[in-house]
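# Architecture and fold: a report
Each chain, letter by letter, is given below.
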Amino acid sequence: MVLKTIQLNRKAGLDSRAINKLVQVTSQFESDIYLTYNGHKVNCKSIMGVLSLAIPNNAEISLEASGSDDHEAIRQLIETIESLA
């Protein structure tokens, strides 16, 4: 299992376009991947789940992956989030 906490630096926070991209990337991995914000944990492969968090700019979010490709999944997700900034 890999757990990583990052600060979101994106004016629009995680809007629907960014969430769609994030879910596309997440869906490529076999690992179970979760995103936690403000005490709420959702499956990162679920657009509706991530949207329900309403993550604003400067939010601290945690990404958790567990499975055969967990390290690569977290690396790729962080890279994707940073590229959306």
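Definitions and limits used
Residues numbered from 1 in each chain as written. Predicted model: local features only at pLDDT ≥ 70, side-chain atom pairs only at ≥ 80, totals over all residues. Heavy atoms only, no water. Helix = DSSP H or I, 4+ residues; strand = E, 2+ residues; numbered from the N terminus. Rg over C-alpha atoms; globule rule 2.2 N^0.38 Å. Buried < 20%, exposed > 50% of the residue type's maximum accessible area, 1.4 Å probe, protein only. Areas by Shrake-Rupley, 256 points an atom, 1.4 Å probe, with all protein chains shown as cover. Lys, Arg positive; Asp, Glu negative; His and termini not counted. Charge placed at Lys NZ, Arg CZ, Asp CG, Glu CD. Pairing = 2+ DSSP bridges. Axes fitted to C-alpha atoms, helices over the stretch in contact; angles between N-to-C directions.

### Regarding the overall build of the protein
When its secondary structure is counted, the protein shows three helices and four strands. For the protein, the N- to C-terminal ordering of α and β elements is β-α-β-β-α-β-α. Against the compact-globule benchmark of 12 Å for 85 residues, the protein has a radius of gyration of 11 Å, which places it among compact chains. For the protein, the C-alpha atoms occupy an extent of roughly 35 × 25 × 20 Å along the three principal directions. Here the protein holds 85 residues, and the buried ones make up 45% of them. Carbon and sulfur atoms make up 46% of the accessible area of the protein, which totals about 4,700 Å². Of the charged side chains in the protein, 8 are positive and 10 negative; the average position of the first set lies 8 Å away from that of the second.

### Thoughts on the sheet that holds strand β1 (residues 2-7)
If you trace the four strands from one edge of the open sheet to the other, you get β1-β4-β2-β3, paired in antiparallel fashion. Two strands bound the open sheet, and with one partner strand each, they are β1 and β3 (40-43). Neighbour-to-neighbour, the strand axes of the sheet open up by a mean angle of 20°, direction not taken into account. When β1 meets strand β4 (residues 60-66), the two strands line up antiparallel, connected through six bridges. Paired with Thr 5 across the strands is Ser 62, a residue of β4.

### Here we look at unusual backbone geometry
As a rule of thumb, non-glycine residues mostly have phi less than zero, and peptide bonds are mostly trans rather than cis. A positive phi angle, near 45°, is found at Ala 54, a position not held by glycine. Along the polypeptide, Ala 54 turns up in the loop between α2 (47-51) and β4. One non-glycine residue with positive phi stands out, namely Asn 58, at about 65°. Here Asn 58 shows up in the loop between α2 and β4.

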